[in-house]
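Examining the three-dimensional arrangement
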Amino acid sequence: MMKKWIVLSLSCLVMVLVAPVFAQITPTTQPATTTTTTTVQPVMAQPTDTTGRQRIAIFTPLYLDSAFDVAGNYRYDAKTFPRIASAGLEFWEGAELAIDSLRKEGIELDIHVYDTRAPQQQFDSLVASEEFKTTDLMIGQVKDATEAVKFATLAATLNIPFINASLPNDQGITNNPYYVILSPTLQTHCVGIYRFLQKNYSLQDIIVFRKKGDDRVKNYFTEFEKTTAVKLKIKYVTLEDNFTQDKLSIYLDDEKPNICVAGSIDPAFAQPLCQQLALLSKAGSPNVVIGMPTWDQVDFDKSQYKNLEIVYSTAFYIAPAGKQASTVYENFKTTFYSRPSDMVFRGYETLYHFAHLLKLYGHNLGSSLSDKKYMLFGGEFDIQPVINRATMTLDYFENKKLYFVKKLDGALKAVY
């Protein structure tokens, strides 16, 4: 059923395109956020009065050229969809839920969605247009460094914020107060993990198992140690590829639970590490392993992780029992016979939150990013300026809020 939903959603998008490139969402003359999807063809576009109405541009990878030919025909059979398009489409589906909520609240905005996988010349033509220059806010589900730099540069040129909703990397961008990173960088996660260890295991021995050739976590830990008074008792161990249980056991104390850190963001490193640490745990006295935000991708419900206490950091925690989240889950269950992905919630939360701030602060939005109003799912953003120590100038803004999720035997035990 999820495949059918994606195919249907892609079909609805392509039906409103001049070519499978851009889709625009524009409001009708009645008070609403967005109500109808129209094409960019003058003969088909519906005239609208957007005078005084703020404009938001949403960029997400829909891969419409891959899914449809120039005549608008779907390239695959009804049971197949291009998997590369699912994350971008799910982000847009979440944005549509936000649009529906904003509409019900009477918030008037002009919201457009653009396919970031459209040809470069189409993008260049778009951003050079006088219409696009009236944009007040850009939101993007960014896939790579090139896109991040492109949109951050465009935001600085237009003097409007660009909200990078997905890519946790600054990409070397400096002196750009219009660039906002919602997914905290690895450095922020490492600082958060170090502080978590200080709070919970400051007197215990800690083993950081590292992937060969991956020094990032160690380097960030070492850098943070220079600025903190409480130094941890850390031992760094480098593991070769295809390491076995005996390579771990020589560093573990079999008389008590061991506190370990997975010093790599690679899930392919995390899974065998956790499996071996689980086998080396004693019943009722599990080893503890602290991991990375990429562990959201790993299914820790499986039996091979039994008797291992797993903790990892994440910036986006959706409390499933929350009223708003429960409504989204139920909607997807009854409509699509599936569960909404993380990208659905990110698209929903990001557009809803920043659309409200745009309405509240207008052109002063950039100086009001720390406002925590209008969060939907029980969490919050903590958007802080990142200062360049060498130049003492503002490089960009970053969400510094982290949650720590603890699981044992597949069950959620706590969220810190």
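Rules and cut-offs
- All residue numbers refer to positions counted from 1 along the written sequence of the respective chain.
- Owing to the predicted nature of the model, reporting of local features is limited to residues with pLDDT of at least 70; listing and counting of side-chain atom pairs is limited to 80 or more, with chain, interface and lining totals taken over all residues.
- Side-chain numbers here rest on the full set of heavy atoms in the structure, without hydrogens or water.
- Note on conventions: DSSP H or I runs of at least 4 residues are helices, E runs of at least 2 residues are strands, and numbering of each starts at the N terminus.
- Buried residues are those whose accessible area, probed at 1.4 Å on protein chains only, stays under 20% of the maximum for their type, while exposed residues exceed 50% and partly exposed ones sit between those limits.
- Pairing of aromatic side chains requires ring centres within 6.5 Å, counting the rings of Phe and Tyr and the six-membered ring of Trp. Pairs whose planes differ by under 30 degrees are stacked, by over 60 edge-to-face, and all others tilted.
- To sit over a ring, a charge needs its Lys NZ or Arg CZ within 6 Å of the ring centre and within 35 degrees of the ring normal.

This brings us to unusual backbone geometry. Its identity as a non-glycine residue notwithstanding, Asn242 has a phi of 60°, on the positive side. Mapped onto the elements, Asn242 comes out in the loop between strand 9 (233-239) and helix 8 (245-249). For Asn242, a relative accessible area of 75% corresponds to the exposed category. The phi torsion at Asn307 lies on the positive side, around 65°, for a residue other than glycine. Take Asn307: it is sitting in the loop between strand 11 (287-291) and strand 12 (308-314).

Time to look at the packing of aromatic side chains. According to the stated counting rule, one finds 23 aromatic pairs in the structure shown. The interplanar angle of 70° and the centroid separation of 5.3 Å between the aromatic rings of Tyr194 and Phe224 together place this pair among those described as edge-to-face. Of the two residues, Tyr194 is situated in helix 6 (residues 186-201) and Phe224 in helix 7 (residues 216-225); the sequence distance between them amounts to 30 residues. The exposure class of Phe224 is buried, given its relative accessible area of 11%. By way of ring pairs, the aromatic residues Phe59, Tyr114, Phe123, Phe132, Phe151, Phe162, Tyr179 and Tyr396 are connected into one cluster. Across the ring face of Phe151, the terminal group of Lys150 is positioned such that the distance to the ring centre comes to 5.5 Å.

Relative to the assigned elements, Gln171 resides in the loop between strand 6 (162-164) and strand 7 (179-181). Put simply, Gln171 and Asp144 are 27 residues apart on the chain and 9.3 Å apart in space, counted from C-alpha to C-alpha.

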